[in-house]
Amino acid sequence: MDKNKNVRVRFAPSPTGYIHIGSLRTALFNYLYARNTGGKNILRIEDTDQTRLVEGAVDNLVNSLELLGIEFDEGPDRGGDKGPYYQSQRLEIYRKYCQELLDKKAAYYAFETPEELEEMRRMQQLEGRQTMYDGRALNLTDEEVKANLENGIPHVIRLKVPRDEEIRFNDLIKGTIKIDSNVIDDQILIKSDGFPTYHLANVIDDHLMEVTHIIRGEEWITSVPKHILLYRALGWEVPVMAHVPLILNPDKTKLSKRQGDVAVEDYLRKGYLKEALVNFIAMLGWNPGEGEEQEFFSMKDLTEKFSLEKVQSSGAVFNVDKLNWMNNSYIKNYDPERLLDLSLPYFRDTGVDVSDREHTMKILLAIRVYLNKLNEIPEHTKIFTQDKAELTDEKLKEYLTAETTKTVFSELIRQLENTEVLTAEIYKEKINEVQKLTGIKGKLLFKPVRIALTGSENGPDLPSVAEILGKEKVIKFLSVWT
RNA sequence: GGUCCCAUCGACUAGGGGUUAGGUCGUCACUCUUUCACAGUGAAAACACGGGUUCGAAUCCCGUUGGGACCGCCA
């Protein structure tokens, strides 16, 4: 186990406006690994695509991650001596190293237009070959290149990939991976707008920021050889690689918007507790192993137990049912005061008087067992706010019009009118009293009362419901049927 | 199509030469609760297939099949 203090990992998202669940897990694993090893967790913003900039995305990203308990030691908003941490502010650096690659003949200029390239790919596809740049610009003489440059012809800079060579690397999660250099594309390193592509920028930054371990999604695996070529050309050491498997849709394809929510913000907004979300995401692809059967882990537990060796090598389906179960467990066991604070926004349009904290708390505690997520609060508060109990099913009326019901209700009302305040305890006493006096019991006694009070034949514990409703309302609801 | 990755119940996974293949979600049944839910108990449910290696393979090797990712002047 690697416990040395020099570990430096990075989370390097592009600021597209929201955090994908898959990104969250990558960020989480980086954070856990950094904390577990006593290393540093770095945030770097990969904003080299000028066409995809989103206003305020970085703030949102940092806020959301910190809210979830994922902290950074270096990054755009907290500095560090390896900055700047925005790639868009590092253009000079990329240019410098790209020149070095050019000088070393490890990269070359190319002048094709996007249209030309598209045509080239179309032909390749027609012939059933793999689409990749055919290296035509390599045929340009130095003079031609120079002339093109002087004439201001738009150009890119490409990586010159050697032929007939096997590139291999060792991945901490996947093991040894070998790729034939003949299938590696002459990747564009600098785009015609002067910005670097991911491939160039990430190699340079990882080196300069002294990143020791690259932990990222599996979708990057096929571009690793390009990166290795870059490291090699620049004479740099390649960081340790750890490619974590993808998070999948139920149909096993890469988790996508099409099949449900993918943004962390969506889950938070729906009222998944951050502890549950983190716990669940961590267990997707990682587990402590060694026969450990615990499923609930705090962030602290996770940082103590996490290791890259225990990360699964196959993809994991994102199972909302299990997330719901886990979130419900957290809700049931959460500190009531904190849970109430978090729940308040979800009470907003329910008609519950949230200024009465004690009252709101009673409702929350009565219904929390039903909640998979906080945004389900409104559908469970109706019974406490309605002015008359609306029947969920017309058939329930049978109970209310039953002969015995009138007797029960009249007696219960009489009993209740003699009480000061109605508590759950008192309700229990009174209903027992009614049973004794009327001789009516069982279903005939309890069901009509529940239905008259809530409109439904099931729901939270009736004495609690009665207490929350209060004496006036209970009597009023019962009176309707006498 | 090419390259790469992956393969234990429906899902998440433990186990990594000898196990009645264990746990969790979900499903079903029962118990509890005069309701539903919760809780508890129990059940059904998996080593993709074929070859090796071995006394012995879910476990190691090879192949097949299946699934996925990537093949952009996106990251």
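Values in this document were obtained by computation on a predicted structure and should not be read as measured data.

Parameters at a glance
Residues numbered from 1 in each chain as written. Chains lettered and ligands numbered in written order. Predicted model: local features only at pLDDT ≥ 70, side-chain atom pairs only at ≥ 80, totals over all residues. Heavy atoms only, no water. Helix = DSSP H or I, 4+ residues; strand = E, 2+ residues; numbered from the N terminus. Rg over C-alpha atoms; globule rule 2.2 N^0.38 Å. Contact = heavy atoms within 4.5 Å. Areas by Shrake-Rupley, 256 points an atom, 1.4 Å probe, with all protein chains shown as cover. Lys, Arg positive; Asp, Glu negative; His and termini not counted. Charge placed at Lys NZ, Arg CZ, Asp CG, Glu CD. Near = heavy atom within 4 Å. Polar contact = N/O pair within 3.5 Å; in protein donor to acceptor, adjacent residues only side chain to side chain. Pairing = 2+ DSSP bridges. Axes fitted to C-alpha atoms, helices over the stretch in contact; angles between N-to-C directions. Parallel < 35°, antiparallel > 145°, perpendicular 65-115°, else oblique. Left-handed = near helix turned anticlockwise from the far one by under 90°. Nonpolar A, V, L, I, M, F, W, Y, C, P; charged D, E, K, R; others polar. 1 Å grid on protein atoms, 1.4 Å probe; cavity = no way out; pocket = protein on both sides within 12 Å on 5 of 7 lines; lining within 4 Å. Points joined across faces, edges and corners; volume = space filled by probe spheres on them. Domains from an automatic or database assignment. Buried area = accessible area lost by both parts, 1.4 Å probe. Buried < 20%, exposed > 50% of the residue type's maximum accessible area, 1.4 Å probe, protein only. Right-handed = clockwise from strand over helix to strand, strands pointing away. Phe/Tyr/Trp six-rings, centres within 6.5 Å; stacked < 30°, edge-to-face > 60°. Lys NZ or Arg CZ within 6 Å of the ring centre and 35° of its normal. Salt bridge = Lys/Arg side-chain N within 4 Å of Asp/Glu carboxyl O.

(A) Representation of the overall build of chain A in the model. A count of helical and extended segments in chain A gives 20 helices and 11 strands. Expected size for 482 residues packed as a compact globule is a radius of gyration near 23 Å; at 32 Å, chain A overshoots this value by more than 25%. With the C-alpha coordinates aligned to their principal axes, the bounding extent of chain A is approximately 110 × 50 × 40 Å. Taking as baseline every contact in chain A between residues at least 6 positions apart, the subset at least 24 positions apart corresponds to 74%. Carbon together with sulfur atoms contributes 48% to the accessible area of chain A, which is approximately 23700 Å² in total. Where the 65 positive side-chain charges of chain A centre and where its 78 negative ones centre are 3 Å apart.

(B) Region of interest: the protein's contact with RNA strand B. As a structural note, the neighbourhood of RNA strand B is formed by 67 residues, with K191, S192, N287, Y370 and F446 the closest of them. Between M283 and RNA strand B, the recorded distance is 3.4 Å, taken from a backbone N or O atom to a sugar or linking oxygen. G442 places a main-chain nitrogen or oxygen 3.4 Å from a base nitrogen of RNA strand B. Going through the elements one at a time, α4 (114-126), β6 (175-180), β11 (316-317), α11 (320-333) and α18 (443-454) are the ones with two or more residues in the surface near RNA strand B.

(C) Region of interest: the sheet that holds strand β4 (residues 156-159). Taken in spatial order, the 3 strands make up an open sheet running β3-β4-β7, and their pairing is antiparallel. With partners counted over all chains shown, the strands left at the sheet margins are β3 (107-110) and β7 (188-190), one partner each. Pairwise comparison of adjacent strand axes, ignoring direction, gives a mean angle of 45 degrees for this sheet. The sheet contact formed by β4 and β7 spans 2 bridges and is antiparallel. When the bridges of β7 are listed, R158 appears paired with I188. Of the strands in this sheet, β3, β4 and β7 touch helix α3 (residues 91-103), which is tilted by about 100 degrees from β3.

(D) Local environment of unusual backbone geometry. A cis amide bond links G83 with the next residue in sequence, P84, at an omega value of -5 degrees. Secondary-structure assignment places P84 in the loop between α2 (57-67) and α3. Although it is not a glycine, E210 adopts a positive phi angle of roughly 55 degrees. Summarising the element assignment, E210 is placed in the loop between α6 (198-208) and β8 (213-217). The backbone of K252 shows a phi angle near 75 degrees, a positive value even though the residue is not glycine. Tracing the backbone shows K252 in the loop between β10 (247-248) and α8 (264-270).

(E) Focus on the packing of helix α16 (residues 403-417) against helix α17 (residues 424-438). Close contact between α16 and α17 brings their axes to 9 Å; oriented N to C, the two are set at 130 degrees. Taken together, the axes of α16 and α17 are oblique relative to one another. With respect to the hand of their crossing, α16 and α17 are arranged in right-handed fashion. Each of T407, V408, E411, L412, R414, Q415 and L416 in α16 lies in contact with α17, whose residues at this interface are Y427, K430, I431, E433, V434, L437 and T438. Broken down by class, the residue content of the contact of α16 with α17 amounts to 7 nonpolar, 3 polar and 4 charged.

(F) Broad picture of the layout of surface pockets. What the largest pocket holds in volume is close to 1100 Å³. Along the walls of the largest pocket sit 42 residues, with P13, S14, S23, E219 and W220 positioned nearest its centre. Mapped by element, the contributors of at least two residues to the lining of the largest pocket are β1 (8-11), α1 (21-37), α6 and β8. The greatest single-element share of the lining of the largest pocket, amounting to 5 residues, is contributed by α1.

(G) Up close: the domain arrangement of chain A. Parsing chain A into structural domains produces domain 1 (90-244), domain 2 (264-382) and domain 3 (386-479). Distance from the C-alpha centre of domain 1 to the C-alpha centre of domain 2: 43 Å. The interface of domain 1 with domain 2 comprises 7 residues on the first partner and 4 residues on the second. Interface area, domain 1 with domain 2, both sides summed: about 450 Å², of which 74% is carbon and sulfur. At the surface where domain 1 touches domain 2, the tally comes to 1 residue pair in polar contact (both at pLDDT 80 or more).

(H) Fine view of the pairing of β1. Side chains R8 and R10 of β1 all project onto a buried face; the interleaved residues V9 and F11 project onto the opposite face, where all are buried too. With 4 bridges connecting them, β1 and strand β2 (residues 40-43) associate as parallel partners. Paired with R8 across the two strands is K40, which belongs to β2. Taking the sense of rotation as the criterion, the β-α-β connection linking β1, α1 and β2 turns out right-handed.

(I) How the structure looks around the packing of helix α12 (residues 336-343) against helix α13 (residues 357-367). Taken N-terminus to C-terminus, the directions of α12 and α13 make an angle of 95 degrees; their axes are 10 Å apart at the nearest point. Relative to α13, α12 is oriented roughly perpendicular. Across the interface between the two elements, P336, E337, L339, L340, D341 and S343 from α12 touch R357, T360, M361, L364 and L365 from α13. Here the residues of the contact of α12 with α13 sort into 6 nonpolar, 2 polar and 3 charged.

(J) Quick look at the side chain of E411. Its place among the elements puts E411 in helix α16. Here E411 falls in the buried class, since its relative accessible area comes to 14%. Not counting the four nearest positions on each side in its chain, E411 is found in contact with V434, L437 and T438.

(K) Representation of the packing of aromatic side chains in the model. Counted by the stated rule, this structure contains 12 aromatic pairs. For the ring pair Y109 and F111, a centre distance of 6.5 Å and an interplane angle of 25 degrees mean the geometry is stacked. When the centroid spacing of 4.1 Å and the interplanar angle of 20 degrees are considered together, the rings of Y198 and W220 count as stacked. Placement of the pair is Y198 in helix α6 and W220 in the loop between β8 and α7 (224-234), with a sequence separation of 22 residues. Through a chain of ring-to-ring contacts, the aromatic side chains of F29, W286, F297 and F306 assemble into a single cluster. Its end group placed over the ring of Y133, R158 keeps NZ or CZ at 3.6 Å from the ring centre.

(L) Layout of the pattern of salt bridges. Using the criterion set out here, one finds 35 salt bridges in the structure. Of the charged contacts in the structure, one is a salt bridge between D49 and R52, with a shortest N-O distance of 3.5 Å. One salt-bridge network, held together by shared partners, links R10, R44, E46, R90, D205 and D206.

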